Amino acid sequence: AQANIGVIGMAVMGSNLARNLASREGNTVAIYNRSAEKTRAVVSEFPEAGFVASESIEEFAASLVKPRTAIIMVKAGAGTDAVINQLTTVFEPGDIIVDGGNALFTDTIRREKAVRETGINFVGAGISGGEEGALKGPSIMPGGSAEAWETLGPILKSIAAVAEGEPCVTHVGTDGAGHFVKMIHNGIEYADMQLIAEAYDLIRRGTGKSPAEIADIFTEWNKGELESYLIEITAEVLRQVDAKTGQPLVDVIVDQAGAKGTGAWTVQTALDLGIPVSGIAEAVFARSLSSKPAQRAAASSLPGPSSEWTVDDADAFVEDVRQALYASKIIAYSQGFDEIVAGAEEYNWDIKKGDIAKIWRGGCIIRAQFLNRITEAYDENPGLVALVTAPYFTDAVSQAQDAWRRVVVAAAQAGIPSPAFSSSLSYYDGLRADRLPAALVQGQRDFFGAHTYRRVDAEGTFHTLWSGDRSEIEATDTH
Ligand code: 6PG
């Protein structure tokens, strides 16, 4: 045995993570892939990594020092289960299996339970940062036991991105906590991307600026409170010119957004938990709508607004959009953190919200300056009920709200879809409302289903005898 860490799965994410590990002082990395050909190719392509390659799982296990630690980097799903099954036959109690894929957290809970029964540790670890992050330093969100973290922590710290001197990894919580938090990261990623896309669309259609000019605007925005990886790469994408046609690349890309499912999981889970992640949901649905060519073609002749939309002051409009973007972004993160709080409660995880914001400052796709403000908000008040109610965010949203409203009004009048901007604003107005029409919904429910309601001025539950004399009775049962 000579390797202190192993990686299984030599697709790009796996080989990049293995190379990252190998580049750190003190690591010798064992590698294994289902097809040995791929393993051999990786060994010859990256001789400097000094990989210890195996062509069988037995050989792989034998090449690792105890407690053996192996990171699985295969496409999430049935393949993950197959590798886990193989590993449990060759690993021993005390060894550690890490799943670094984008697994659904409930799968991780199930796998952790099953593997734990063999005495082997199982850690579901969310890894964000794409191919480059895996190679140079990702943000890592591991779950699993405290015992596993003791061995694994130092290794993960050595390969993680560093933000303001701190490695972007923390023990998130037990079993599926890491993959749960990675899922929320991706949900927020979807919302952030959609908001940026809406901002671009509004500016382009409102002011007629070219993609390259809008790229300059994003580059400028990236110097302020919106500073983030997604804003930075958006500018690069918008600046890209297609070699074939000479057109902006964005104009030759088919406008149908793909999705691999993590955004949808965030929303499905939120529905189960009863958490209104409306901004994230709109982002997922916006991708679905874009990818329905038949429906879009059938609807393309439906009428739009009868009057022309003109933006009188382009600079003022761009600034309004910037503020609307910032306010909506705050709502998306607030909703995402609400879901983390609810998930932690449901699954008994002790998740430190401030630490999650910290490990998202570097390496991951949603990395941004702004995450420091989230950490500060939770440091000041760990029991914060909604991020948007923390003083910094309340101030930011108060300052932005007039611009935000103007942008949503303009989008509606111009007939430009802005689902994430407008749903975020509705969420904000819903949350801050003194009274909501939910009272009427309760009345309707009581009318047709005797579902009862509570009164503002008395304890208990009540029902109106809608089909009788319409007097009110106290109800014993709640439906
Ligand atoms: C990351 C990304 C990564 C992946 C997304 C893409 O954090 O590094 O989120 O996990 O690129 O899952 O998701 P879609 O294909 O669904 O957009």
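Read on for a plain summary of the structure. (Residues numbered from 1 in each chain as written. Predicted model: local features only at pLDDT ≥ 70, side-chain atom pairs only at ≥ 80, totals over all residues. Heavy atoms only, no water.)

1. What about the overall build of the protein?
Looking only at helices and strands, the protein features 20 helices and 12 strands. Oriented by its inertia axes, the alpha-carbon framework of the protein measures out at about 80 × 70 × 45 Å. Within the span of the protein, comprising 479 residues, buried residues form 49% of the whole. Of all intrachain contacts in the protein linking residues separated by at least 6 positions in sequence, the fraction that spans at least 24 positions is 66%. Side chains of the protein carry 41 positive and 63 negative charges; the gap between the two charge centres is 3 Å. (Helix = DSSP H or I, 4+ residues; strand = E, 2+ residues; numbered from the N terminus. Buried < 20%, exposed > 50% of the residue type's maximum accessible area, 1.4 Å probe, protein only. Contact = heavy atoms within 4.5 Å. Lys, Arg positive; Asp, Glu negative; His and termini not counted. Charge placed at Lys NZ, Arg CZ, Asp CG, Glu CD.)

2. Topic: the sheet that holds strand β10 (residues 453-455)
Reading across the sheet, the three strands line up as β10-β11-β12 and stay open at both edges, with antiparallel pairing between neighbours. The outermost strands of the open sheet, each flanked by one partner alone, are β10 and β12 (472-475). Going across the sheet, the axis of each strand differs from the next one's by a mean of 55°, ignoring polarity. As paired strands, β10 and strand β11 (residues 458-464) are joined by two bridges and run antiparallel to one another. By the bridge assignment, R455 is partnered in β11 with A458. (Pairing = 2+ DSSP bridges. Axes fitted to C-alpha atoms, helices over the stretch in contact; angles between N-to-C directions.)

3. Here we look at the side chain of Q323
Relative to the elements of secondary structure, Q323 occurs in helix α15 (residues 314-347). Within the structure, Q323 has its side chain in polar contact with the side chain of E319 (distance 2.9 Å). Apart from residues lying up to four places away in sequence, Q323 is in contact with Q399, A400 and A403. (Polar contact = N/O pair within 3.5 Å; in protein donor to acceptor, adjacent residues only side chain to side chain.)

Taken by themselves, the reported measurements are silent on function.
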